[in-house]
Amino acid sequence: MSRHILIISLLFACIVGTAFASNETAPDFTLKSNHGKNVKLSDLRGDVVMINFWATWCGPCRQEMPALEALYQEYQDLGFTILGVNVEEDSSKATSMIKDFGISFPVLFDTSSKASKLYDVSTMPSTVLVDRDGKIRYLHRGYKSGYEDSYQTQIRELIRE
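1. Looking at the overall build of the protein chain
Argument step 1. Looking only at helices and strands, one finds 5 helices and 8 strands in the protein chain.
Argument step 2. For the protein chain, the sequential pattern of α-helices and β-strands runs α-β-β-β-β-α-β-α-β-α-β-β-α.
Argument step 3. Taking the contacts inside the protein chain whose residues are at least 6 apart along the sequence as the reference set, 69% of them involve residues at least 24 apart.
Argument step 4. Roughly 8,500 Å² of accessible area belongs to the protein chain as shown, and the carbon and sulfur atoms make up 54% of that amount.

2. What about the packing of aromatic side chains?
Argument step 1. The tally for this structure, following the rule as stated, stands at 5 aromatic pairs.
Argument step 2. The interplanar angle of 45 degrees and the centroid separation of 5.6 Å between the aromatic rings of Phe53 and Tyr119 together place this pair among those described as tilted. Here the residue Phe53 occupies a position in strand E4 (residues 48-54), and Tyr119 occupies one in the loop between helix H4 (114-118) and strand E7 (126-130), the gap between them amounting to 66 residues.
Argument step 3. Owing to a relative accessible area of 0%, Phe53 belongs among the buried residues under this scheme.
Argument step 4. With a centroid separation of 6.4 Å and an interplanar angle of 85 degrees, the aromatic rings of Tyr75 and Phe80 are classed as edge-to-face.
Argument step 5. Among the residues examined, Phe80 registers a relative accessible area of 2% and is labelled buried.
Argument step 6. An aromatic cluster of at least three residues, connected via ring pairs, comprises Phe29, Phe53 and Tyr119.

3. Notes on the pairing of E4
Argument step 1. Burial analysis of E4 places 7 of its 7 residues in the buried class, the great majority of the element.
Argument step 2. Neither face of E4 is left uncovered, since the one carrying Val48, Met50, Asn52 and Trp54 and the one carrying Val49, Ile51 and Phe53 both have all their residues buried.
Argument step 3. One crossover worth recording links E4 to the parallel strand E5 (residues 80-86) by way of helix H2 (residues 59-75), and it is right-handed.
Argument step 4. Bridge count between E4 and E7: 5 bridges; the pairing is antiparallel.

4. Some points on unusual backbone geometry
Argument step 1. Of the consecutive residues Met124 and Pro125, the connecting peptide bond is found in the cis state with omega at -15 degrees.
Argument step 2. Note on placement: Pro125 falls in the loop between H4 and E7.
Argument step 3. Non-glycine residue Ser113 carries a positive phi angle of around 65 degrees.
Argument step 4. Examined against the element boundaries, Ser113 turns out to sit in the loop between strand E6 (107-109) and H4.

5. Let's talk about the nonpolar core
Argument step 1. Counting 48 residues, the largest nonpolar core has Phe29, Ile51, Phe53, Phe80, Tyr119 and Ile155 as the members making the most contacts within it.
Argument step 2. Listed by contribution, the elements that provide at least two residues to this core are E4, H2, E5, helix H3 (92-101), E6, E7, strand E8 (136-141) and helix H5 (147-160).
Argument step 3. With 7 residues, H2 is the single largest residue contributor to this core.
Argument step 4. If near-sequence neighbours (up to four positions away) are discounted, Phe29 is found in contact with Val39, Lys40, Leu41, Ile51, Leu83, Leu108, Ala115, Leu118 and Tyr119.

6. Points about the pairing of E7
Argument step 1. The buried fraction of E7 amounts to 5 of the 5 residues, a majority that puts the element mostly inside the structure.
Argument step 2. Here E7 shows two buried faces, one formed by Ser126, Val128 and Val130 and the other by Thr127 and Leu129.
Argument step 3. Bridge count for E7 against E8 is 5 bridges, and the pairing is antiparallel. Among the inter-strand pairings, Leu129 is bridged to a residue of E8, identified as Tyr138.
Argument step 4. Between E7 and E8, which pair antiparallel one after the other, the connecting turn spans 5 residues, and Gly134 there sits at a positive phi close to 85 degrees.

Calculation rules
Residues numbered from 1 in each chain as written. Predicted model: local features only at pLDDT ≥ 70, side-chain atom pairs only at ≥ 80, totals over all residues. Heavy atoms only, no water. Helix = DSSP H or I, 4+ residues; strand = E, 2+ residues; numbered from the N terminus. Contact = heavy atoms within 4.5 Å. Areas by Shrake-Rupley, 256 points an atom, 1.4 Å probe, with all protein chains shown as cover. Phe/Tyr/Trp six-rings, centres within 6.5 Å; stacked < 30°, edge-to-face > 60°. Buried < 20%, exposed > 50% of the residue type's maximum accessible area, 1.4 Å probe, protein only. Right-handed = clockwise from strand over helix to strand, strands pointing away. Pairing = 2+ DSSP bridges. Core = buried A, V, L, I, M, F, W, Y, C linked by side-chain atoms within 4.5 Å.

Following this line, the structure appears as structure tokens:
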């Protein structure tokens, strides 16, 4: 009986877009940022990190960007950062969108899908929350208006730990 409840709970979590991850160590990667510097995920150990995989052609990604920027502004001084990972081969549209939206958090360019493959990204956007110890704690696939409320709750929880 409890096995059925677990399966139903996991299916529900996937449907609503949020699922608890396995608490495994987040796969490390290094990518070039929009500031021209390489950023390595493991160098951010000690911070709560949101990794947001996105593309310029993705409507929900475009809708989500201002909410992510607001979260970054609110929590960056508390040991929180966002790594926006653009998954397109040509980063020129992403560079333009970053400027148009006034994005201040680091945006990384995954032009060869190296990081996307490590995280098995199959949905745009896909968002991973990593705790201060480098463990994956939350996974969100897709975006609908209001998801930022869940993000905020989870960010606060991880910052307090």
